[in-house]
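Residues per chain are reported as follows:
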Amino acid sequence: MGFARACSVALVGVEGVVVEVQADLEPGVAAFTLVGLPDKSLVESRDRVRAAVVNSGAEWPQKKLTVGLSPASVPKSGSGFDLAVACAVLGAAERIDPAAIADVVMIGELGLDGRVRPVRGVLPAVLAAAEAGYRHVVVPEQTAGEAALVPGVSVLGVRSLRQLIAVLADEPVPEEPMAAQGRPDSMLAGLMMPGAGVGTGLAPFAAQGSDGHRPDLSDVAGQHRPRKALEVAAAGGHHLLLSGPPGAGKTMLAERLSAILPPLTRQESLEVTAVHSVAGILPPGEPLVTRAPYCAPHHSATMQSLVGGGNGLPRPGAVSLAHRGVLFLDEAPEFSGRALDALRQPLESGHVVVARAAGVVRLPARFLMVLAANPCPCGRHTLSGAGCDCPPSMIRRYQSRLSGPLLDRVDLRVEVEPVNRADLMGRGGRGETTAEVAARVREARERAADRLAGTPWATNSEVPGHELRTRLLVAPGALLAAERDMERGALTARGLDRVLRVAWTVADLRAADRPDASDVAVALEMRTGIQRGVPMETGAS
């Protein structure tokens, strides 16, 4: 009787579980049985593996073959187990040494000709293998750069099963032909989810134009107050609501927000890359996402597409694809109320827990949300002399689609006024560029990080209210106006905490040690929309 085992990884959401692939050969009628809760694509691996082994020059064992995937209680899906199954079978048939593959994690799909095809989710799979103590990983050649991002792991990228057999058997490694120059590599098709390209608004580079030009903040004419609100949102990680008539520039502002956010840290880049790898939107040739992602789903998106879902185990939704970046909901009142209210929990916790019959999945979802809304269905309610025909009841109904509990979690609410002729024709001069604003945002983030050193928080928006009221104290008398608003019912307890967070961000932008009354007044004005008689200047004095 022959027995061998190799290892692979089953992905549950964006987390991996190491799976031991065991192959057992017994005398009897030739048969191939696969057990261990495999899905349809994994059951079909029996035919793929058999053809790949034969076409790679190895002999297929003519015995009763049983392949078990352990732990058997964890559902397995996808074609990434093919490589481990093939090596376990060859180890049981003594074509390769079983001891050479016992502690090696193998991830990859096999073509019928023996070529190793890349699969999605290599980075989270290798991260799970490293956490489980494995130090040797075999992956397709196209994803070797992605796997090499994990420290302390030896990565072998192979182009075919024939090459892997030669390496494991200590034989001369055969050369495999490369893809023809000037033609797209068909092997990369397994890395991209169909329909998840740039045009869907789900890719991390969706904020770029179709010609590769990244929009600049200086393209926005006028809009000084919304521009300052955008800067405050980026510096502190505060959620933002832009309301105003059509054509005022709400979408232009939101598309430029991700560019003024600081570059991702190493840990944040790994988190974002893992999610995008599982979702199939990781650009080929760019194994590591270093810029804040931008995700703008259409207002017809369902709740499952926003927070995660799908058949079987849930897959990442828009809130996870925007992790550590920007989630822009244009025409926010047109989203279904059920989908919008599903955002409440990830806005507070930074993650989303999706429970389905197949299991419970925890997905990362710490994003900066930007809502854009018109004042009424026709959009002309706030324009003088524009002739809004919407009755008051319709306007109230339209505005109430954004529920109170959701708006209570939005720190900044800014009215975007129509652009006047002088600003549009450039007579007032161009505004600051993205690079200038991004430099101030980066400095403000560094000041906040120094102040919060030794704590689990990195930005002002993450600090709990208790810490703001007991340890991080504002200047004496700075909260008098906020306390009066709270007594009158204009602010909730959560609203007061969020005003404090915004005040700290405004103070960081002007390089102050702590917020004073003017900083709190700016924060109150940005939240309530009531003029407080203070200039909206956030740059360093």
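All values reported here derive from a predicted model rather than from experimental measurement.

> I tried to follow the overall build of the protein chain on my own but got confused; where do I start?
Broken down by element type, the protein chain carries 23 helices and 16 strands. Put simply, 72% of the contacts in the protein chain that link residues at least 6 apart link residues at least 24 apart. Of the roughly 23,400 Å² that the protein chain leaves accessible, carbon and sulfur atoms contribute 52%.

> Just checking my understanding: could you explain the layout of surface pockets for this structure?
By rolling a water-sized probe across the atoms, one finds the places where empty space is left. If you add up the space inside the largest pocket, you get close to 820 Å³. If you go around the largest pocket, you meet 35 residues; those closest to its centre are R324, R366, R445, T459 and E462. Elements with a contribution of two residues or more to the lining of the largest pocket: α15 (344-349), α19 (434-451) and α22 (493-509). Grouping the amino acids of the lining of the largest pocket by side-chain chemistry returns 16 nonpolar, 9 polar and 10 charged.

> Looking at this structure, how should I read unusual backbone geometry?
Most peptide bonds take the trans form, and the phi angle of most residues other than glycine is negative. P71 follows S70 through a cis peptide bond whose omega is 5 degrees. With phi around 65 degrees, E94 is a residue other than glycine that occupies positive phi space. Following the sequence through the fold, E94 ends up in the loop between α3 (82-92) and α4 (98-101). Judged by relative accessible area, which is 69%, E94 ranks as exposed. For D170, which is not glycine, the phi dihedral falls at a positive 60 degrees. With respect to the secondary-structure elements, D170 resides in the loop between α7 (161-168) and α8 (224-236).

> Would you explain the packing of helix α5 (residues 122-131) against helix α11 (residues 266-279) in this entry?
For any two helices packed against each other, one specifies the crossing angle of their axes together with the interaxial distance. The N-to-C vectors of α5 and α11 enclose an angle of 120 degrees; their axes lie 7 Å apart at closest approach. If you check the angle between α5 and α11, you find them oblique. Across the interface between the two elements, V122, L123 and P124 from α5 touch L270, T273, A274, S277 and V278 from α11. Classifying every residue of the contact of α5 with α11 gives 6 nonpolar, 2 polar and no charged.

> Explain the sheet that holds strand β12 (residues 326-329) to me, please; I cannot follow it from the model alone.
Pairing between the strands of a sheet comes from backbone hydrogen bonds, and it takes one of two forms, parallel or antiparallel. Across the sheet, which stays open at both edges, the 5 strands sit in the order β11-β12-β15-β10-β16 with parallel pairing between neighbours. Strand pairing shows two members of the sheet lacking a second neighbour, β11 (294-295) and β16 (412-415), which therefore form its edges. Pairing of β12 with strand β15 (residues 368-373), which is carried by 4 bridges, proceeds in the parallel orientation. Bridge pairing in β15 links L329 to L371.

> I keep staring at the pattern of salt bridges and nothing clicks. Help me out?
Proximity of charged atoms lets side chains of opposite charge pair with each other. Scanning the entire structure with this criterion turns up 29 salt bridges. In this structure, R471 and E467 form a salt bridge, with 2.8 Å as the shortest nitrogen-oxygen distance. Judged by its relative accessible area of 43%, R471 falls in the partly exposed class. According to the relative accessible area criterion, E467 is buried, its value standing at 19%. When salt bridges with common partners are traced through the structure, they connect E348, D408, R409, D411, R494, R498 and R527 into a single cluster.

> What should I look at first to understand the packing of aromatic side chains in this one?
To describe a pair of aromatic rings, you give the distance between the ring centres and the angle between the ring planes. In this structure the tally under the stated criterion is 1 aromatic pair. Ring centres 5.6 Å apart and planes at 40 degrees place the aromatic pair F32 and W60 in the tilted group. A residue pair is termed long-range when its members are at least 10 positions apart, and F32 in strand β3 (residues 31-35) and W60 in the loop between α2 (45-55) and β4 (64-70) qualify at 28 residues.

> How should helix α23 (residues 517-528) be read in this particular structure?
With 12 residues, α23 should reach 16 Å at 1.5 Å per residue; the first-to-last C-alpha distance of 16 Å fits that figure. Along α23, the residues classified as buried are D519, V520, A521, V522, A523, L524, E525, M526 and R527. Where α23 terminates, the next one or two residues include G529, which has phi positive at roughly 80 degrees.

> When you look at the packing of α2 against α3 in this model, what are you seeing that I'm missing?
It is at 10 Å that the axes of α2 and α3 come closest, and there the two elements cross at 60 degrees. When the interaxial angle is binned, α2 and α3 end up oblique. Between α2 and α3 lies a crossing of right-handed hand. Along the contact surface, α2 presents S45, R48, V49 and V53, while α3 presents D82, V85, A86 and L90.

> Would you take a moment to explain the environment of L406 for this structure?
You can see L406 is positioned in helix α17 (residues 404-407). For L406, a relative accessible area of 0% puts it in the buried group. Between the C-alpha atom of L406 and that of R344, which follows or precedes it by 62 residues, the distance is 6.1 Å.

> Would you explain a nonpolar patch on the surface in this entry?
A cluster of nonpolar residues, L156, V167 and V173, forms a patch on the protein surface that exposes about 210 Å² of accessible area. In this fold, V167 is placed in helix α7.

> How should I be thinking about the pairing of strand β10 (residues 240-243) in this particular structure?
Regular strands show a simple pattern: their side chains alternate between the two faces of the sheet. Burial of β10 is two-sided: the residues L240 and L242 facing one way and the residues L241 and S243 facing the other way are all buried. The sheet contact formed by β10 and β15 spans 4 bridges and is parallel. Its bridge partner being in β15, L242 is matched across the sheet by A372.

> Would you mind going over the nonpolar core with me for this structure?
Core analysis: the largest hydrophobic core is formed by 53 residues, its most contacted members being L240, L257, V370 and V520. Per element, the largest residue contribution to this core is 8 residues, and it comes from α22. Beyond its immediate stretch of four places on either side in the chain, L240 contacts A229, L230, A233, M369, V370, L371, V410, L412 and V414. Within the second largest apolar cluster, 40 residues are counted, among which are L42, I101, V158 and I165.

> Whenever I open this one, the pairing of β3 confuses me. Can you help?
The side-chain alternation of β3 yields one buried face, formed by F32 and L34, and one unburied face, formed by A31, T33 and V35. As paired strands, β3 and β4 are joined by 5 bridges and run parallel to one another. The partner of L34 across the bridge, within β4, is V67.

> Quick question: what am I supposed to make of the environment of A435 here?
Turning to its location among the elements, A435 is positioned in helix α19. Separated by 219 residues in sequence, A435 and D216 have C-alpha atoms that sit 8.5 Å apart.

> What's the story with the state of the cysteines in this structure? I'm lost.
Linking two cysteines covalently via their sulfur atoms produces the bond known as a disulfide. Inspection of the entire model under this criterion finds 0 disulfides. Of all cysteine sulfurs, the one in C376 lies closest to C378, which takes part in no disulfide; the gap is 3.5 Å. Residue C378 is classed as partly exposed on the basis of its relative accessible area of 24%.

What counts and how
Residues numbered from 1 in each chain as written. Predicted model: local features only at pLDDT ≥ 70, side-chain atom pairs only at ≥ 80, totals over all residues. Heavy atoms only, no water. Helix = DSSP H or I, 4+ residues; strand = E, 2+ residues; numbered from the N terminus. Contact = heavy atoms within 4.5 Å. Areas by Shrake-Rupley, 256 points an atom, 1.4 Å probe, with all protein chains shown as cover. 1 Å grid on protein atoms, 1.4 Å probe; cavity = no way out; pocket = protein on both sides within 12 Å on 5 of 7 lines; lining within 4 Å. Points joined across faces, edges and corners; volume = space filled by probe spheres on them. Nonpolar A, V, L, I, M, F, W, Y, C, P; charged D, E, K, R; others polar. Buried < 20%, exposed > 50% of the residue type's maximum accessible area, 1.4 Å probe, protein only. Axes fitted to C-alpha atoms, helices over the stretch in contact; angles between N-to-C directions. Parallel < 35°, antiparallel > 145°, perpendicular 65-115°, else oblique. Pairing = 2+ DSSP bridges. Salt bridge = Lys/Arg side-chain N within 4 Å of Asp/Glu carboxyl O. Phe/Tyr/Trp six-rings, centres within 6.5 Å; stacked < 30°, edge-to-face > 60°. Expected span 1.5 Å × (residues − 1). Left-handed = near helix turned anticlockwise from the far one by under 90°. Patch = residues over 30% accessible without salt bridge, like charges linked within 9 Å, V, L, I, M, F, W, Y side chains within 5 Å. Core = buried A, V, L, I, M, F, W, Y, C linked by side-chain atoms within 4.5 Å. Disulfide = S-S within 2.5 Å.

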